Structure formats: structure tokens, C-alpha cells
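# Residue-level structure breakdown
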Amino acid sequence: MSGFFNISGKFGSKTKLKRSSSATRPLFLCQPYCNNSIVKGNFKTIVQLPKYVDANEWLAVNVFDFYNYTNMFYGSVSDFCTVRNCPNMSAGAGFEYLWMDGHKKQSKVPAPQYIDFVMSWIQTLINDENTFPTKDGRDFPPTFQQTVRAIFKQLIRVFAHVYHSHYDKMLSLCQEGHFNSLFAHFVSFGREFDLLDKKDIVPLQPLIDIMDNNGILC
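Predicted model, so just to flag it, every value in this text is computed and none were measured.

### Notes on the packing of aromatic side chains
What the rule picks out here adds up to 19 aromatic pairs. Here the aromatic rings of Phe132 and Phe144 are separated by 5.1 Å at their centres, their planes lie at 80 degrees, and the arrangement is edge-to-face. Of this pair, Phe132 sits in the loop between helix H3 (111-127) and helix H4 (144-172) while Phe144 sits in helix H4; the two residues are 12 residues apart in sequence, bridging distant segments of the chain. Neither residue differs from the other here; Phe132 and Phe144 are each classed as buried. Residues Tyr163 and Phe183 carry aromatic rings whose centres are separated by 5.4 Å and whose planes lie at 70 degrees to one another, so their mutual orientation is edge-to-face.

See below:
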């Protein structure tokens with residue numbers, strides 16, 4: 001994991017865009033799956049900063065939950081995310097994420113390796129008392145929100161890969177309602193605290209548009 005995230009907050013990966021020639025509509029955009037959710041209503045009241053709660057504390061608690069739940073859902077389909085099935089970290093035919101090492105050298109890595117790097121990196125950050133302080137009297141670092149944005153940038157890539165490459169397995173496990181709800185919560189929280197760049201949500205923009213039309217995103 002060394003070199004994946006440096007002190008300046010620059011993140012070790014880059015998106016390479018490709019044109020897609022496929023006209024096939026992804027499963028996650030098809031009815032009724034795209035509308036399946038275990039949450040009814042809007043996420044606004046869930047993601048808002050509660051009164052008297054420190055903003056960084058609220059970010060930290062939610063990052064911890066999003067990390068754990070995303071990791072859990074990925075784990076349920078990880079047997080199908082293999083080097084053979086997923087030789088690169090993609091989010092559909094139009095997006096491929098490249099790995100950048102500590103020397104800023106870009107290279108392709110299989111999706112399971114990429115996601116393992118991401119999850120290990122986040123776990124290391126969460127366990128770092130200097131980044132995610134848990135003891136009384138310890139302050140969050142000035143770069144904490146920048147770190148959270150970097151975490152969100154990578155977690156949405158995991159969402160995008162699962163949606164584009166393994167959503168059929170989510171359907172087989174009857175998990176699509178829970179997974180869709182987690183993603184809606186994630187996007188709503190990202191919007192509330194400006195944690196997601198527009199370019200990072202492009203692979204899942206059609207799904208976000210559907211959720212917006214359904215009124216569940218804040």
C-alpha cells in the first residue's frame with residue numbers, strides 16, 4: 001500500500017476514458033431492479049449534520065459505515081471478481097481505472113487487486129489515530145476532509161465496478177434492494193458534504209438520474 005496515498009492527499013489512480021460501442025442496457029438500469037430499495041422516502045434527514053455534533057466526527061462515523069458496508073457487499077460477490085473474469089478495474093466499457101504507484105507510474109491491475117488495495121488503504125487510514133482520532137483531546141488533522149474526499153473517490157469506483165460487472169450476482173443473492181439503498185445513501189451523503197466530483201459519478205450517472213427522479217436522493 002505504500003505510495004498509494006501520500007501526505008499531500010493526492011490519490012494513486014487515474015481514470016482512462018474509452019468510447020463504448022455496446023448498446024446493451026446494463027441490468028442495474030432495467031426495471032424493476034433500478035427501483036428496488038429498502039428505503040422509502042428521501043435521505044435528506046438521514047445525512048444532515050445533527051445538532052451539536054462536530055462535522056468531522058459526523059464524517060468519520062459515516063465513512064467508517066460506508067467502508068464496512070461497501071466492503072461487505074463486495075465480499076458477497078468477490079468469488080466472481082477474479083483475475084480471469086475482471087483483468088482490469090473497469091466500470092463498463094467506457095471506463096478503466098489505472099493504478100499509480102509511488103513513483104507515479106501508471107499500470108493496469110486486475111479489479112480484485114485494485115479493490116483489495118483500496119480497502120486495505122482505507123482500513124489503514126481508519127486505524128491511524130493521527131487521521132481518525134478516537135482518544136479524548138485529539139483533533140482531526142487539517143487535511144481530514146480532503147482525505148474523506150479521496151476515500152469517496154475510490155469507494156464510488158468500487159460501486160461502479162460492482163454495478164457494471166457483478167450486478168447479476170447481486171440479483172441472484174436478492175441483495176439489489178439493499179445495495180441500491182446503500183448507494184443512494186452514499187451519494188446523498190456525498191452531495192450533502194461536497195465529497196464527490198462530477199467526473200467521478202459519470203459511470204453511474206444514469207442510475208443517479210433514476211434515483212433523483214424517484215425522489216430518494218437529497
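### Overview of the UniProt feature "binding site: Zn(2+)" (unreviewed entry) in the chain
The positions UniProt marks with the feature "binding site: Zn(2+)" (unreviewed entry) are Cys81, Cys86, His161 and His166. Maximum C-alpha separation among the annotated residues is 10.0 Å over a sequence range of 86 residues, consistent with a single clustered spot. Within the element layout of this structure, His161 appears in helix H4. Residue His161 is classed as buried on the basis of its relative accessible area of 0%. Setting aside anything within four residues of it in sequence, one finds His161 in contact with Cys81, Cys86, Asn88, Met89, Ser90, Ala91, Ala111, Ile115 and His166. In terms of polar contacts, His161 uses its side chain to reach the backbone carbonyl oxygen of Ser90, at 2.8 Å. Within the secondary structure, His166 is located in helix H4. Setting aside anything within four residues of it in sequence, one finds His166 in contact with Val77, Phe80, Cys81, Cys86 and His161.

### Focus on helix H5 (residues 176-192)
Here H5 contains 17 residues, and its C-alpha end-to-end distance of 24 Å stays within 8% of the 24 Å for a straight helix at 1.5 Å per residue. Across the 17 residues of H5, 14 count as buried, placing the element largely inside the fold. Looking one or two residues beyond H5, the residue adopting positive phi is Asp194, at roughly 55 degrees.

### Re the pattern of salt bridges
Here the structure, examined in full by the defined rule, presents 7 salt bridges. Here Lys108 and Glu96 are joined by a salt bridge, their closest N and O atoms 3.6 Å apart. Of this pair, Lys108 sits in the loop between strand E4 (106-107) and H3 while Glu96 sits in strand E3 (residues 95-100), and the two are 12 residues apart along the sequence. Given the relative accessible area of 2%, Glu96 is considered buried. Close ionic contact of Lys169 with Asp168 constitutes a salt bridge, the shortest N to O distance being 2.9 Å.

### A short note on the nonpolar core
Of all hydrophobic cores here, the largest spans 65 residues; its most connected members are Phe152, Tyr163, Phe183 and Phe186. Those elements that place two or more of their residues in this core are helix H2 (55-77), E3, H3, H4, H5 and helix H6 (205-214). For this core, the leading source of residues is H4, giving 15 residues. In this structure, Tyr163 is in contact with Phe28, Phe179, Asn180, Phe183, Leu204, Leu207 and Met211, ignoring residues within four places of it in sequence.

### Things to note about the packing of H2 against H5
Where H2 meets H5, the closest approach of the two axes is 11 Å, and the angle between their N-to-C directions is 150 degrees. Here H2 is positioned roughly antiparallel relative to H5, judged by the angle of their axes. For the pair H2 and H5, the crossing hand works out as left-handed. For the pair formed by H2 and H5, the contact residues are Trp58, Leu59, Asn62, Phe66, Tyr69, Thr70 and Phe73 on the first element and His178, Phe179, Leu182, His185, Phe186 and Phe189 on the second. Per-class residue counts for the contact of H2 with H5 are 9 nonpolar, 4 polar and no charged.

### So, the packing of H2 against H3
Where H2 contacts H3, the axes come no closer than 11 Å and their chain directions differ by 150 degrees. Classified by the interaxial angle, the pair formed by H2 and H3 is roughly antiparallel. Regarding H2 and H3, the two cross each other, and that crossing is left-handed. When H2 is examined against H3, the residues Phe64, Tyr67, Thr70, Asn71 and Tyr74 are found in contact with a partner set consisting of Pro112, Ile115, Met119, Ile122, Gln123 and Ile126. Here the residues of the contact of H2 with H3 are counted per class, giving 8 nonpolar, 3 polar and no charged.

What counts, and at which threshold
- Residues numbered from 1 in each chain as written.
- Predicted model: local features only at pLDDT ≥ 70, side-chain atom pairs only at ≥ 80, totals over all residues.
- Heavy atoms only, no water.
- Phe/Tyr/Trp six-rings, centres within 6.5 Å; stacked < 30°, edge-to-face > 60°.
- Helix = DSSP H or I, 4+ residues; strand = E, 2+ residues; numbered from the N terminus.
- Buried < 20%, exposed > 50% of the residue type's maximum accessible area, 1.4 Å probe, protein only.
- UniProt positions renumbered as here; feature names shortened; annotations may be inferred.
- Contact = heavy atoms within 4.5 Å.
- Polar contact = N/O pair within 3.5 Å; in protein donor to acceptor, adjacent residues only side chain to side chain.
- Expected span 1.5 Å × (residues − 1).
- Salt bridge = Lys/Arg side-chain N within 4 Å of Asp/Glu carboxyl O.
- Core = buried A, V, L, I, M, F, W, Y, C linked by side-chain atoms within 4.5 Å.
- Axes fitted to C-alpha atoms, helices over the stretch in contact; angles between N-to-C directions.
- Parallel < 35°, antiparallel > 145°, perpendicular 65-115°, else oblique.
- Left-handed = near helix turned anticlockwise from the far one by under 90°.
- Nonpolar A, V, L, I, M, F, W, Y, C, P; charged D, E, K, R; others polar.

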